[in-house]
Amino acid sequence: MCFRNLRSVAFGLKSEPAFASAVSMEAVRILRCYGVAIAGVYLDDLLIRGLSKEECATNMELAKTVLTALGIPTNEKDQGPCSPAEGVVFLGIHVCTAHCSMRPTMQYCQYATKRVHDLLQSQEVSVKQLESVGGILTWVSQVFTPGRPRRDAVFRALARLRDTGTSTVSMKGELKMQLQWWWRALQR
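Residues numbered from 1 in each chain as written. Predicted model: local features only at pLDDT ≥ 70, side-chain atom pairs only at ≥ 80, totals over all residues. Heavy atoms only, no water.

> What am I meant to see in helix α2 (residues 53–69) here?
Given 3.6 residues per helical turn, the α-helix brings residues three or four places apart onto the same face. Given a rise of 1.5 Å per residue, 17 residues ought to cover 24 Å, and the 24 Å separating the end C-alpha atoms of α2 matches this to within 8%. Those residues of α2 that fall on the buried side of the exposure criterion are C56, N59, A63, V66 and L67. Looking straight down α2, one finds that the buried residues subtend no more than 95° of arc, so they occupy a single side. Pointing more than 90 degrees away from the buried face of α2 are the exposed residues E54, T58, T65, T68 and A69. Just downstream of α2 lies G71, where phi reads positive at about 85°. (Helix = DSSP H or I, 4+ residues; strand = E, 2+ residues; numbered from the N terminus. Expected span 1.5 Å × (residues − 1). Buried < 20%, exposed > 50% of the residue type's maximum accessible area, 1.4 Å probe, protein only. Arc of directions from axis to C-beta.)

> How do you make sense of the environment of R162 when you look at a structure like this?
Within the element layout of this structure, R162 appears in helix α5 (residues 148–164). Among the residues examined, R162 registers a relative accessible area of 53% and is labelled exposed. Residues R162 and V127, spaced 35 residues apart in sequence, show a C-alpha to C-alpha distance of 8.8 Å.

> So what exactly am I meant to see when it comes to the nonpolar core here?
Soluble globular proteins tend to bury their nonpolar side chains together. In this structure, V116, L130, L137, L175, L179 and L186 are the most contacted members of the largest nonpolar core, which totals 23 residues. Within the residue set of this core, elements represented by two or more residues are α3 (106–120), α4 (127–141), α5 and α6 (173–187). The residues touching V116, leaving out its near neighbours within four places in the chain, are V133, L137, L179, W182, W183 and L186. The next biggest cluster of nonpolar side chains, apart from the first, holds eleven residues, and it includes I30, V36, I38 and I48. (Core = buried A, V, L, I, M, F, W, Y, C linked by side-chain atoms within 4.5 Å. Contact = heavy atoms within 4.5 Å.)

> What is the right way to look at the packing of α3 against α6 in this model?
Helix packing geometry: the angle between the two helix axes and the distance between the axes. The interhelical angle for the contact between α3 and α6, taken along N-to-C directions, is 150°, at an axis separation of 9 Å. Between α3 and α6, the angle is such that the two are roughly antiparallel. Remark: the crossing between α3 and α6 carries left-handed chirality. Where α3 abuts α6, its residues C109, A112, T113, V116, H117, L119 and L120 lie against K176, L179, Q180, W182, W183, L186 and Q187. Residues that form the contact of α3 with α6 fall into these classes: nine nonpolar, four polar and one charged. (Axes fitted to C-alpha atoms, helices over the stretch in contact; angles between N-to-C directions. Parallel < 35°, antiparallel > 145°, perpendicular 65-115°, else oblique. Left-handed = near helix turned anticlockwise from the far one by under 90°. Nonpolar A, V, L, I, M, F, W, Y, C, P; charged D, E, K, R; others polar.)

> I'm lost on the pattern of salt bridges in this one. Help?
Any two side chains of opposite charge can pair, given that their charged atoms come close. Taken as a whole and assessed by the stated rule, the structure comprises five salt bridges. For E131, the salt bridge is made with R162, and the minimal N-O distance between the two is 2.8 Å. Note that E131 is positioned in helix α4 and R162 in helix α5, a separation of 31 residues in sequence. With a relative accessible area of 33%, E131 lands in the partly exposed category. The partner of D152 in a salt bridge is R151, and the shortest N-O contact between them spans 3.4 Å. Its relative accessible area of 29% is what places D152 among the partly exposed residues. (Salt bridge = Lys/Arg side-chain N within 4 Å of Asp/Glu carboxyl O.)

> It is not clear to me how the pairing of strand β5 (residues 93–96) should be interpreted in this structure. Could you clarify?
The two faces of a sheet get side chains in turn, since along a regular strand they alternate between them. Burial along β5 is two-sided: the residues I93 and V95 and H94 and C96 are all buried. Where strand β4 (residues 88–90) and β5 come together, three bridges link them in antiparallel fashion. Paired with F90 across the bridge in β5 is I93. Judged from the four bridges that link them, β5 and strand β6 (residues 101–104) form a sheet pairing that is antiparallel. In the sheet register, V95 faces β6, and the bridge partner there is M102. (Pairing = 2+ DSSP bridges.)

> Which parts of the structure should I look at to understand the confidence of the model for the protein?
Detailed reading of the predicted model is not advised wherever pLDDT is low. On average, residues of the protein score 80 in pLDDT, and 81% of them are at 70 or above. Predicted confidence in the protein is weakest over strand β1 (residues 2–3), with a mean pLDDT of 44, and strongest over α6, with 92. (pLDDT = per-residue confidence, 0-100.)

> What exactly am I supposed to notice about the packing of aromatic side chains here?
Applying the stated rule across the entire model yields four aromatic pairs. Ring centres of Y108 and Y111 lie 6.2 Å apart, and the angle between their planes is 55°; on these two criteria the pair is classed as tilted. One end of the pair is Y108 and the other is Y111, both in helix α3 and three residues apart, which spans about a single turn. Arranged with centres 5.9 Å apart and planes meeting at 25°, the rings of F144 and W181 form a pair that is stacked. With F144 in the loop between α4 and α5 and W181 in helix α6, this residue pair connects regions lying 37 residues apart in the sequence. (Phe/Tyr/Trp six-rings, centres within 6.5 Å; stacked < 30°, edge-to-face > 60°.)

Written out as structure tokens, the structure reads:
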């Protein structure tokens, strides 16, 4: 199961994820009491499971009914039941139960590739740019394990910036080498 209890994020209200995680975990607990099979939750996104499309659809309708009764509105961006071979996109990650695989969507990889490429074209990179790309690479690293140690170069550069009190870092050395690796890997 995929559950994350967040304490803060790099965008918006820092404490919001802790609050949202507490609310969503309670909603998940209530949904499970009603028999809804939840496979994952991330803040306000739920991944509902079932052995068939029909069971998924039934669980989804029951979840909507329970959430509405709790006063938690649902939005219209829900994705209908998918077969195991099709898989489902959950938070930018394509989950395929038929192959027991997870990978970032093509759109997310293209976005990440462009952001990394933009950094590589710069002579100097700001803290905000590094934080943003670090977050993107961390997200991809959830399902792309070879990238996990390589994204650390971004966070080491950020730590050096904070230690020195400077606002930019030169695009060279380890940072450039690791971002070039990421750029090539994301293109594949």
